[in-house]
Amino acid sequence: MIPISARALITGVFAIALSAQAGGALASSAASAEETPAKAADAPSPQTRKDLEESMRGEAFANASYLLYATQAQQEGHQSVARLFERTAGVELGEHFKEEAALSGLVGDDAANVRDTISGEKYESQTMYPRFAQQAEADGDTQAADRFSEVAQDEGKHARAFGAALKAVESGQGTIPEPPQVKAAQVRQGKAEVRASRTRANLDEAMHGEALAHAKYQLYAEHAKDPALADLFRGTGEVELREHFTEEAELAGLVGTTKDNLTSAIAGERYESQTMYPTFAKRAKAAGDIEAATRFAHNAEDEAGHARSFQNALDQLQR
């Protein structure tokens, strides 16, 4: 296997060739959504649900990445670029992710949300991270192996805390644990600190998972009836974002110079606006999921605007 750089791997999904036909797909998707009768309000089709899950995963990752890019821009003295990254990160999480989550039926009652959290944390602590650690060790990426092992232990603690919370929620008795303390990490701009392509791929999967967990837990906190449970969701989500995602991002070399970060952001936003969202809108329309089709088309327009804003910022830096 030919080694792939961490940045190319992480943004690899954005490297799909962008054609003129893809640019026109947005308009046709939006128009088709208006022409097709909406089906009865019910659960989205399996394909639409899959597309919603993929888009939520991407929006959560963009949010987490842009926050790191904003910090790097601040360190370089590019305050306006930092604010642009922060504003865009807010749209990706507070608008796109949240609206797609509503369409997918992501949020249930407190017990359902806690069960979902326990399931995810157990998978990461018992299966995913131990496997990643073993593979990284075998490939000579000992630093990544150690990090994966540490995160696995953290996720195990999270699973146990939410297990106690579930008992309290279901029985009405007992105490919901305090949220974990966040030890915020800082990312140094630079190249990847791992060498094996398998480790890079595992880091990419891990970062997407941590970003998604953070985004989900913020929503679960907003809907939690018990303030203590809301605090537990928020605190755990902050650990996923400010510790796990951030430390993995440094190993992966996610953060480059501000010019590099703008270039990566432009590629990602163009892919979503010209290829991903128009494709999802077309499929949702064909399935009769008109609300989802309309949302996908709207998000494509937003992402096109983000790409233009990032391009303008990059042009200003290069003058």
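Residues numbered from 1 in each chain as written. Predicted model: local features only at pLDDT ≥ 70, side-chain atom pairs only at ≥ 80, totals over all residues. Heavy atoms only, no water.

(A) Geometry of the overall build of the chain. From N to C terminus, the chain includes ten helices and zero strands. Ordered by position from N to C terminus, the α and β elements of the chain give α-α-α-α-α-α-α-α-α-α. Taking all 319 residues of the chain together, 50% fall into the buried category. When contacts within the chain are restricted to residue pairs at least 6 apart in sequence, long-range pairs at least 24 apart make up 84% of them. As displayed, the chain offers around 14600 Å² of accessible surface, 50% of which is attributable to carbon and sulfur atoms. (Helix = DSSP H or I, 4+ residues; strand = E, 2+ residues; numbered from the N terminus. Buried < 20%, exposed > 50% of the residue type's maximum accessible area, 1.4 Å probe, protein only. Contact = heavy atoms within 4.5 Å. Areas by Shrake-Rupley, 256 points an atom, 1.4 Å probe, with all protein chains shown as cover.)

(B) Region of interest: the environment of A164. Its place among the elements puts A164 in helix α6 (residues 142-171). Under the relative-accessibility criterion, A164 is labelled partly exposed at 30%. Taking the C-alpha atoms as reference points, A164 and I176, twelve residues apart in sequence, are found 6.5 Å from one another.

(C) Quick look at the pattern of salt bridges. Under the defined criterion, the tally for this structure stands at twelve salt bridges. When the shortest N-O distance is used, the salt bridge between E170 and R115 registers 2.5 Å. With E170 in helix α6 and R115 in helix α5 (residues 110-138), this pair connects stretches of sequence that are 55 residues apart. Look at E170 and you get partly exposed, because its relative accessible area is 47%. (Salt bridge = Lys/Arg side-chain N within 4 Å of Asp/Glu carboxyl O.)

(D) The arrangement of the side chain of H244 in detail. Counting through the fold element by element, H244 comes out in helix α8 (residues 227-252). A polar contact is formed between the side chain of H244 and the side chain of D154, at a distance of 2.9 Å. (Polar contact = N/O pair within 3.5 Å; in protein donor to acceptor, adjacent residues only side chain to side chain.)

(E) Representation of the confidence of the model for the chain within the structure. With 87% of its residues at a pLDDT of 70 or more, the chain has an overall mean of 89. Across residues 1-41, where pLDDT falls below 50, the model places 67 contacts with residues more than four positions away in sequence or in other chains. (pLDDT = per-residue confidence, 0-100.)

(F) Just the packing of aromatic side chains, in detail. This structure, assessed with the given rule, holds 17 aromatic pairs. With centroids separated by 6.1 Å and ring planes inclined at 35 degrees, the aromatic side chains of Y66 and Y69 adopt a geometry described as tilted. One end of the pair is Y66 and the other is Y69, both in helix α3 (residues 46-75) and three residues apart, which spans about a single turn. According to the relative accessible area criterion, Y66 is buried, its value standing at 5%. Exposure remark for Y69: the relative accessible area of 3% places this residue in the buried category. Among the aromatic residues, ring-to-ring pairing joins Y66, Y69, F85 and F310 into one connected group. (Phe/Tyr/Trp six-rings, centres within 6.5 Å; stacked < 30°, edge-to-face > 60°.)

(G) Examining the packing of α5 against helix α7 (residues 197-223) more closely. For the pair α5 and α7, interaxial distance at closest approach is 11 Å and the crossing angle is 165 degrees. Taken as axis vectors, α5 and α7 run roughly antiparallel relative to one another. Crossing handedness for the pair α5 and α7: left-handed. (Axes fitted to C-alpha atoms, helices over the stretch in contact; angles between N-to-C directions. Parallel < 35°, antiparallel > 145°, perpendicular 65-115°, else oblique. Left-handed = near helix turned anticlockwise from the far one by under 90°.)

(H) Seen up close, the packing of α7 against α8. Between α7 and α8, the shortest axis-to-axis distance is 8 Å and the interhelical angle comes to 160 degrees. Looking at the two axes, α7 sits roughly antiparallel to α8. Classified by chirality, the crossing of α8 by α7 is left-handed.

(I) Fine view of the nonpolar core. Formed by 50 residues in total, the largest nonpolar core has its most connected members in F85, F148 and F245. Breaking this core down by element, the ones donating at least two residues are α3, α4 (79-104), α5, α6, α7, α8, α9 (258-286) and α10 (290-318). Residues A111, A165, L166 and L229 belong to the second largest nonpolar core, which totals 17 residues. (Core = buried A, V, L, I, M, F, W, Y, C linked by side-chain atoms within 4.5 Å.)

(J) Expanded view of the environment of A43. Examined against the element boundaries, A43 turns out to sit in the loop between α2 (20-35) and α3. Given the relative accessible area of 48%, A43 is considered partly exposed. Spatially, the C-alpha atoms of A43 and D289 are 8.9 Å apart, while their sequence positions differ by 246 residues.

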